[in-house]
Amino acid sequence: MPGLDRTGFAERLKVAMKSSGKSTKTLAEEIGTSESGVKKWRSGAADPGFGLLAHAAAVMGVSLDWLADGKGEMLSAFPPIHVNPSKAAIDPKRLALVIAAVEALFEELGGKAPPSERSELAAQLYEEVWDMDTDDEVRGGLAVAIGRERKRLRGW
């Protein structure tokens with residue numbers, strides 16, 4: 001990922017993995033990449049693309065900003081996301097879209113939602129869009145779902 005300080009990232013990744021109880025093998029399996037790839041990240045020899053980085057942050061329950069560049073708080077507003085394991089490997093790009101939509105919704109509504117509610121909503125929305133074929137379908141599906149959730153959360 002351009003601009004990523006590999007040494008700092010490697011150290012933050014180790015801290016996040018320890019904090020979340022994830023082994024190299026488990027993290028690799030949960031984000032759909034190779035164990036050797038995660039080992040390279042941990043050593044500072046390589047870095048993930050944005051999608052894998054976002055997915056790793058989500059499953060470990062850490063802030064994407066903190067994991068990427070050390071800015072902000074370590075812990076995410078979202079606890080670790082657990083998606084139905086019967087689904088095919090999680091699409092990191094799609095997960096990043098879902099997380100961004102949920103974050104934008106809660107910010108619009110004043111940002112006052114418990115992390116568990118954010119995580120549950122993100123997992124629910126991912127379940128709704130996981131099998132859509134194109135990014136345009138995903139964005140459209142998310143727009144409809146976010147509109148529905150906006151009304152529900154505002155008590156309409």
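A quick note: this is a predicted structure, and the numbers were derived from the prediction, not measured.

S.K.: Can you break down the overall build of the protein chain residue by residue, with the values?
M.R.: For the protein chain, the count of helices and strands is eight helices and zero strands. Its helices and strands taken in sequence order, the protein chain reads α-α-α-α-α-α-α-α from the N to the C terminus. Classification of the 156 residues of the protein chain by burial places 42% in the buried group. Residue pairs at least 24 apart in sequence account for 60% of intrachain contacts in the protein chain once pairs closer than 6 positions are excluded.

S.K.: Lay out the pattern of salt bridges in plain terms, naming residues and giving numbers.
M.R.: A pair can form between side chains of opposite charge whenever their charged atoms are brought close. Applying the stated criterion to the full structure yields nine salt bridges. The partner of Arg-150 in a salt bridge is Glu-108, and the shortest N-O contact between them spans 2.7 Å. Here Arg-150 is found in helix α8 (residues 135–154), whereas its partner Glu-108 is found in helix α6 (residues 92–108), with 42 residues between them in sequence. On the basis of relative accessibility, which here comes to 40%, the residue Glu-108 falls in the partly exposed class. Between Asp-136 and Arg-139 there is a salt bridge whose closest N-O contact spans 3.7 Å. In this pair, Asp-136 and Arg-139 both sit in helix α8, three residues apart, roughly one turn of the helix. In the salt-bridge network here, residues are joined through shared partners; they are Glu-128, Arg-148, Glu-149 and Arg-152.

S.K.: Which residues make up a negative patch on the surface, and what are the values?
M.R.: Together, Asp-65, Asp-69, Glu-103 and Glu-107 line one region of the surface with negative charge. Residue position: Glu-103 is located in helix α6. Classification of Glu-103 as partly exposed rests on a relative accessible area of 38%.

S.K.: Explain helix α4 (residues 50–60) residue by residue, including any values.
M.R.: α4 sits mainly inside the fold: nine of its eleven residues count as buried. With its phi angle positive at about 75°, Gly-61 sits one or two positions after the end of α4.

S.K.: Kindly report on the nonpolar core, identifying the contributing residues and their values.
M.R.: Leu-13, Leu-27, Trp-41, Met-60, Val-62 and Leu-67 are the most contacted members of the largest nonpolar core, which totals 20 residues. Secondary structure elements with two or more residues in this core: α1 (6–20), α2 (24–31), α3 (35–43), α4 and α5 (64–69). Here this core takes five residues from α4, the largest share from any one element. The residues contacting Leu-67, other than those within four sequence positions of it, are Phe-9, Arg-12, Leu-13, Leu-53, Ala-57, Met-60 and Val-62. Membership of the second largest hydrophobic core comes to 17 residues, among which are Leu-125, Tyr-126, Leu-142 and Ile-146.

S.K.: Any chance you could break down the confidence of the model for the protein chain for me, citing the residues and the numbers?
M.R.: Per-residue confidence for the protein chain averages 81 on the pLDDT scale, and 83% of its residues sit at or above 70. When the elements of the protein chain are averaged for pLDDT, helix α7 (residues 115–129) gives the smallest value, 79, and α3 the largest, 94.

S.K.: Run through the packing of α6 against α8, naming residues and quoting values.
M.R.: Each pair of packed helices gets described by two things: the angle between the helix axes and the distance between those axes. Relative to each other, α6 and α8 sit at 30°, their axes nearing to 10 Å. With respect to α8, the element α6 is oriented roughly parallel. Between α6 and α8 lies a crossing of right-handed hand. For the pair α6 and α8, the contacting residues are Lys-93, Arg-94, Leu-97, Val-98, Ala-101, Val-102, Leu-105, Phe-106 and Glu-108 in the first and Asp-135, Val-138, Leu-142, Ile-146, Glu-149, Arg-150, Leu-153 and Arg-154 in the second. Classifying every residue of the contact of α6 with α8 gives ten nonpolar, no polar and seven charged.

About the criteria used
- Residue numbers restart at each chain and count upward from 1, following the sequence in its written direction.
- Local features in a predicted model are, by the rule used here, given only for residues with pLDDT of at least 70; side-chain atom pairs are given and counted only at 80 or more, and totals for whole chains, interfaces and linings are based on all residues.
- The basis for every side-chain value is the complete set of non-hydrogen atoms in the structure, without hydrogens or water.
- Under the DSSP-based scheme used, a helix requires at least four consecutive residues in state H or I and a strand at least two consecutive residues in state E, with every element numbered from the N terminus.
- Relative accessibility thresholds used throughout: buried, under 20% of the residue-type maximum; exposed, over 50%; partly exposed, between the two (1.4 Å probe, protein chains only).
- For this analysis, residues touch if any pair of their heavy atoms sits within 4.5 Å.
- Should a side-chain nitrogen of Lys or Arg be within 4 Å of a carboxyl oxygen of Asp or Glu, the pair is scored as a salt bridge.
- Patch membership needs two things, relative accessible area over 30% and no salt bridge, and members are linked within 9 Å if like-charged or within 5 Å if nonpolar (Val, Leu, Ile, Met, Phe, Trp, Tyr).
- Note on areas: these come from Shrake-Rupley sampling with a 1.4 Å probe, and a residue is covered only by the protein chains present in the view.
- In this charge count, Lys and Arg are treated as positive and Asp and Glu as negative; neither His nor the chain ends contribute.
- A charged residue contributes its charge at one atom only: NZ of Lys, CZ of Arg, CG of Asp or CD of Glu.
- Definition used in this section: a nonpolar core is a set of buried Ala, Val, Leu, Ile, Met, Phe, Trp, Tyr and Cys residues joined via side-chain atoms within 4.5 Å.
- Note: pLDDT gives the predictor's confidence per residue, expressed from 0 to 100.
- In this analysis an axis means a line fitted to C-alpha atoms, helices contributing only their contacting stretch, and an angle means the value between N-to-C directions, from 0 to 180 degrees.
- Each angle is binned into one of four classes, with values under 35 degrees roughly parallel, values over 145 roughly antiparallel, values of 65 to 115 roughly perpendicular, and all other values oblique.
- Put simply, a crossing is left-handed when the front helix is turned counterclockwise from the back one by less than a right angle, and right-handed when it is turned clockwise.
- Following the grouping adopted for this structure description, the nonpolar residues are Ala, Val, Leu, Ile, Met, Phe, Trp, Tyr, Cys and Pro, the charged ones are Asp, Glu, Lys and Arg, and the polar ones are all others, Gly among them.

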